[in-house]
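Letter by letter, the chains look like this.
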Amino acid sequence: MAYIQFLGAAGTVTGSKHLINTGAADDSSGTAGFQVLVDCGMFQGQKEWRERNWQDVPIPADKVDAVILTHAHLDHCGWIPRLVKQGFRGPIYATPATIDLCAIVLPDSGHLQEEDADFYNRHQKSKHHPALPLYTLAEAEACLQSFKPVAFEQTIQLSPELSFRFVRAAHILGSSMAEITLTTNRQGKRLLFTGDIGRVRNQNIAPGKVVHSGPNEGEIADLVVMESTYGNRTHPTDDPRPKLAEAIRETVERGGSVIVPAFAIERTQKFVFMLKELMELGQIPRIPIYCDSPMAIKAVQVFLKHTEEYSEATKRLISQYGSPLTWPNVTFASTSQESKKINDSRFPCVIISSSGMATGGRILHHLAQRLPDPRNLVLFIGFQAPGTRGFIIKSGAPEVKIFGEMIPIRAQIAVFEQFSDHADTPELLHWLHTFPQKPAVTYLVHGEPAAASQLRDAMTKDLGWNVQVAQWLQKVNVQ
Ligand SMILES: [Zn+2]
């Protein structure tokens, strides 16, 4: 009997990794049946979670036959190089845009881990001697050869009993849900892994939506594994742009700069286009914008390449303003030399840098330098997982630890949740109502415990579905 085992994103929003084993439920050798991982993400945030990145998968990595990847966020793809390092040799299936994004984010992740290990070794700040990277830049680059592009709605037969296809999730560029068909004893079962679910089609309540709007509707499934990030939240429904413009104007007037932790791909481009439009409309001054990321230029190129993914609003912005690489007041800092120059800038500017939850990357230098100055503004435009520096700063803490030092937080902090790429509870329920029939069971993953259990209750009440909150390492039979 086939089973699913939740290896990550159970009880937390990171480390998405779900094993499907088509063989016997008590098989831990991985030799019975076909083994597939749906997503292979990295744990981020609190140490308790990050330490799980060092644990192996419960079956030998070389017995995993394939990976099906929903999208290119690190909490879904960031553990792939580690799986390969542990012996995985199979194909990794993803959409073409996801593959292009992984070619940027995975080597960057390897580079960051090498840098971190280096830093801890130089400063003797780790209990582990020597501190090691989870994987290196070279190892991350090497695994890119195993990626296989799969177009949306193209069916791929992986084994006699297992096939899958991708449908749109409308979360980020290239993002998909995986519909998996399992055929055992001549009985077909449809499993739907939602990955992360994007927002509704209404541009006014989710302005700047880059990708194809709205997740695929009318899904049919016997078993659903579904995200629950915003399972207990409702996004604000007002247009964030007037308040955003006001906050930036006030910062510039007092001589401060605006620091924006943001994922380098898509979120950064979306925000840069929004700033451009606010400048063109005269709502904010034409101050310099720095996109500080080693991936910055490549990210824009990937973004501009995948026209098939755009929403109407994105098409309009690109045809009106062209490529951000040609805009006079926007600088893309790829090298660390260029990055350091931004630190010297004493005039008001906007600095957009990753990582989006301030867990690593160049944003840390900018935060360490600019958080103590009350003239500055730190702007959060993305989800901050508990335990991350982003969450600590956003929660009003007086100080935060960066590079082993406590940095006082005196800058103004502002949070805009309208830019989220995750559907909120009403949007999730709206989408679930498009299912023509009830799945036998739905497992909720990718949510903090409170979010997952509140979404379970809302789904039970609103839809009458059988919903359970997935537990870490729990095995569930596919019947
Ligand atoms: Zn995501």
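Residues numbered from 1 in each chain as written. Predicted model: local features only at pLDDT ≥ 70, side-chain atom pairs only at ≥ 80, totals over all residues. Heavy atoms only, no water.

**Q** So what about the overall build of the chain? Which residues, and what values?
**A** The number of helices and strands found in the chain is 14 helices and 22 strands. Projected onto the principal axes, the alpha-carbon positions of the chain cover approximately 70 × 50 × 40 Å. A total of 479 residues make up the chain; the buried ones form 59% of that total. Taking the intrachain contacts of the chain between residues at least 6 apart in sequence as the baseline, contacts between residues at least 24 apart amount to 75%. Carbon and sulfur atoms provide 51% of the accessible area of the chain, an area that totals close to 18,700 Å². (Helix = DSSP H or I, 4+ residues; strand = E, 2+ residues; numbered from the N terminus. Buried < 20%, exposed > 50% of the residue type's maximum accessible area, 1.4 Å probe, protein only. Contact = heavy atoms within 4.5 Å. Areas by Shrake-Rupley, 256 points an atom, 1.4 Å probe, with all protein chains shown as cover.)

**Q** Account for the coordination of the zinc ion, naming residues and giving values.
**A** Looking at the metal site, the zinc ion is ligated by His71 (NE2), His73 (ND1), His171 (NE2) and Asp196 (OD), spaced 2.2 to 2.3 Å from it. Geometry at the zinc ion is irregular, judged from the four donor atoms that bind it and their angles of 93 to 161 degrees at the metal. Each donor residue of the zinc ion belongs to the same chain, with the gaps between them written as H-x1-H-x97-H-x24-D. Here His171 is found in the loop between β8 (162–168) and β9 (176–184), whereas its partner Asp196 is found in the loop between β10 (187–193) and β11 (223–227), with 25 residues between them in sequence. Just as His171 is buried, Asp196 falls in that class too. (Donors = N, O, S within 2.8 Å, 3.2 Å for Na, K, Ca; no water. Tetrahedral: all angles 85-135°; square planar, octahedral: opposite > 155°, others 65-115°.)

**Q** Help me get a handle on the pattern of salt bridges, residues and values and all.
**A** Enumeration over the complete set of coordinates arrives at 19 salt bridges. Salt-bridge contacts for Glu179 lead to Arg165; the nearest nitrogen and oxygen are separated by 2.6 Å. With a gap of 14 residues between them, Glu179 in strand β9 and Arg165 in strand β8 connect regions that are remote in the sequence. Take Arg165: its relative accessible area is 24%, and that puts it in the partly exposed class. Residue class for Glu179 comes out buried when judged on its relative accessible area of 4%. (Salt bridge = Lys/Arg side-chain N within 4 Å of Asp/Glu carboxyl O.)

**Q** How would you sum up unusual backbone geometry? Please name residues and give values.
**A** The peptide bond linking Ser354 to Ser355 adopts the cis configuration, its omega dihedral lying at 15 degrees. Although it is not a glycine, Ala9 adopts a positive phi angle of roughly 50 degrees. Checked against the element boundaries, Ala9 lands in the loop between β1 (3–6) and β2 (17–21). A relative accessible area of 0% places Ala9 in the buried class. For Ala358, which is not a glycine, the phi torsion comes out positive at approximately 55 degrees. For Ala358, the position within the fold is in the loop between β15 (350–353) and α11 (363–370). Exposure remark for Ala358: the relative accessible area of 0% places this residue in the buried category.

**Q** Give me the lowdown on the packing of helix α6 (residues 241–253) against helix α7 (residues 267–280), citing residues and values where you can.
**A** Taken N-terminus to C-terminus, the directions of α6 and α7 make an angle of 75 degrees; their axes are 11 Å apart at the nearest point. Relative to α7, the element α6 lies roughly perpendicular. On α7, the residues that touch Arg241, Leu244, Ala245 and Ile248 of α6 are Phe271, Met274, Leu275 and Leu278. Here the residues of the contact of α6 with α7 are counted per class, giving seven nonpolar, no polar and one charged. (Axes fitted to C-alpha atoms, helices over the stretch in contact; angles between N-to-C directions. Parallel < 35°, antiparallel > 145°, perpendicular 65-115°, else oblique. Nonpolar A, V, L, I, M, F, W, Y, C, P; charged D, E, K, R; others polar.)

**Q** Pulling in residues and values, what's your account of the state of the cysteines?
**A** In total, this model carries zero disulfides according to the counting rule given. Cys102 supplies the cysteine sulfur nearest to Cys77, a cysteine that is in no disulfide, at a spacing of 4.0 Å. Cys102 gets classed as buried once you look at its relative accessible area, which sits at 0%. (Disulfide = S-S within 2.5 Å.)

**Q** An account of the packing of α7 against helix α9 (residues 312–321) is requested, with residue identities and associated values reported.
**A** Running from N to C, α7 and α9 point in directions that differ by 60 degrees, and their axes come no closer than 11 Å. Considering their axes alone, α7 and α9 lie oblique with respect to each other. Here the hand of the crossing between α7 and α9 comes out left-handed. Residues Phe273, Lys276, Glu277 and Glu280 of α7 form the contact with α9, whose participating residues are Arg316, Leu317, Ile318, Gln320 and Tyr321. Per-class residue counts for the contact of α7 with α9 are four nonpolar, one polar and four charged. (Left-handed = near helix turned anticlockwise from the far one by under 90°.)

**Q** Talk me through the packing of aromatic side chains; I want residue IDs and the actual numbers.
**A** For the structure shown, the criterion picks out 15 aromatic pairs. Seen in terms of ring centroids, Phe164 and Phe166 are 5.2 Å apart; in terms of plane orientation they differ by 70 degrees. Their pairing is edge-to-face. Exposure class is identical for Phe164 and Phe166. Each is buried. Aromatic pair Phe303 and Tyr310: ring centres 5.8 Å apart, planes at 40 degrees, arrangement tilted. On the accessibility criterion, Tyr310 (7% relative accessible area) is buried. By way of ring pairs, the aromatic residues Phe273, Phe303, Tyr310, Tyr321 and Trp327 are connected into one cluster. Stacked on the ring of Phe152, the Lys or Arg Arg168 has its end atom at 4.2 Å from the ring centre. Lys276 extends its terminal NZ or CZ atom over the ring of Trp327, reaching a point 4.9 Å from the ring centre. (Phe/Tyr/Trp six-rings, centres within 6.5 Å; stacked < 30°, edge-to-face > 60°. Lys NZ or Arg CZ within 6 Å of the ring centre and 35° of its normal.)

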